[in-house]
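Geometric and topological summary
Each chain, written out:
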Amino acid sequence: MAKIAPSLLSADFANLKEEIKKIENGGADYLHLDVMDGIYVPNITFGPPVIKRLRKVTEIPFDVHLMIDKPERYIKNFVDAGADIITVHEEATIHLHRTIQEIKSYGIMAGVSLNPSTPLENIEYILGDVDLILIMTVNPGFGGQSFIESMKDKIRRLRKIIDERNLDIIIEVDGGVKLNNAKEILNCGAELLVVGSDIFGAEDIEHRTKEFKML
Ligand code: DX5
Ligand code: ZN
């Protein structure tokens, strides 16, 4: 069964509690929270206070995707807000190994994300340290973009590396994932799919979440 992390970015921001309830009822595995700072990406979303408040209205695990410059400045704030996974961008932190260790020191899962143009080789020496790798299949910053087809090869290559070395790393994919391409992405070796617009833009959000879960 596919693991699904609906991205709150495409939800109705005036009704977050109700929106989260719908994806919970649909069987979503995580809530994907896209934090943007207007510097690392050209968009601004929300930060720890919003996440902290949401933590009180749902039990669903929080998958926090930090699209912010120098994320090491804020790891503790997101841990205190209730993150279960914190993913930072390889391109955004100079001392990636140290940042990963800090996330893990709080007893939560540490993820690293790669932009479409960033090679897998950049994370060669931290493969033994991460719990999750988030392959961006759009350029981060906005929901509703098209899946970049060449990323399928990247997912397959990463799957091969993980299997060959027997590593315990979740492959998560983010950007342009829809009901009509999700199966193929899973077949490339992804395990956890982030879905924004195709879930929160659907007529029946709960039903659409269930459709993804049945893949
Ligand atoms: C993009 C975000 C994604 C986004 C995905 O920068 O990281 O999580 O919400 O949205 P869709 O599924 O619409 O491409
Ligand atoms: Zn994301």
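Here is a short report on the structure shown in this document. (Residues numbered from 1 in each chain as written. Chains lettered and ligands numbered in written order. Predicted model: local features only at pLDDT ≥ 70, side-chain atom pairs only at ≥ 80, totals over all residues. Heavy atoms only, no water.)

**Describing the overall build of the protein chain**
- Looking only at helices and strands, the protein chain has eight helices and eight strands in total.
- The C-alpha atoms of the protein chain give a radius of gyration of 16 Å, which matches the 17 Å a tight globule of 215 residues would have.
- A principal-axis box enclosing the C-alpha atoms of the protein chain has dimensions of 45 × 35 × 30 Å.
- Relative to its full complement of 215 residues, the protein chain shows a buried share of 54%. (Helix = DSSP H or I, 4+ residues; strand = E, 2+ residues; numbered from the N terminus. Rg over C-alpha atoms; globule rule 2.2 N^0.38 Å. Buried < 20%, exposed > 50% of the residue type's maximum accessible area, 1.4 Å probe, protein only.)

**A short note on the sheet that holds strand β1 (residues 3-6)**
- Reading across from one edge, β1-β8-β7-β6-β5-β4-β3-β2 is the order of the eight strands in this open sheet, with parallel pairing throughout. Only two strands of the sheet have a single partner each, and these edge strands are β1 and β2 (31-36). With direction set aside, neighbouring strand axes in the sheet form an average angle of 25 degrees.
- In this structure, strand β6 (residues 132-136) lies alongside strand β7 (residues 170-174), joined through five bridges in parallel fashion. (Pairing = 2+ DSSP bridges. Axes fitted to C-alpha atoms, helices over the stretch in contact; angles between N-to-C directions.)

**Overview of the site of ligand 1**
- Lining the immediate environment of ligand 1, one finds 20 residues, of which Asp34, Gly141, Gly144, Asp174 and Ser197 sit closest.
- In the complex, the protein chains occlude 100% of the 380 Å² of accessible area that ligand 1 would expose alone.
- Cavity membership is defined here by more than half of the atoms lying within 2 Å of grid points; on that basis ligand 1 lies in the largest cavity.
- Looking at the shell around ligand 1, the elements with two or more residues in it are β2, β3 (62-67) and β8 (192-195).
- For the shell around ligand 1, the leading source of residues is β2, giving three residues.
- Of the residues belonging to the shell around ligand 1, the class tally is eight nonpolar, 10 polar and two charged. (Near = heavy atom within 4 Å. Areas by Shrake-Rupley, 256 points an atom, 1.4 Å probe, with all protein chains shown as cover. 1 Å grid on protein atoms, 1.4 Å probe; cavity = no way out; pocket = protein on both sides within 12 Å on 5 of 7 lines; lining within 4 Å. Sits in = over half its atoms within 2 Å of the grid points. Nonpolar A, V, L, I, M, F, W, Y, C, P; charged D, E, K, R; others polar.)

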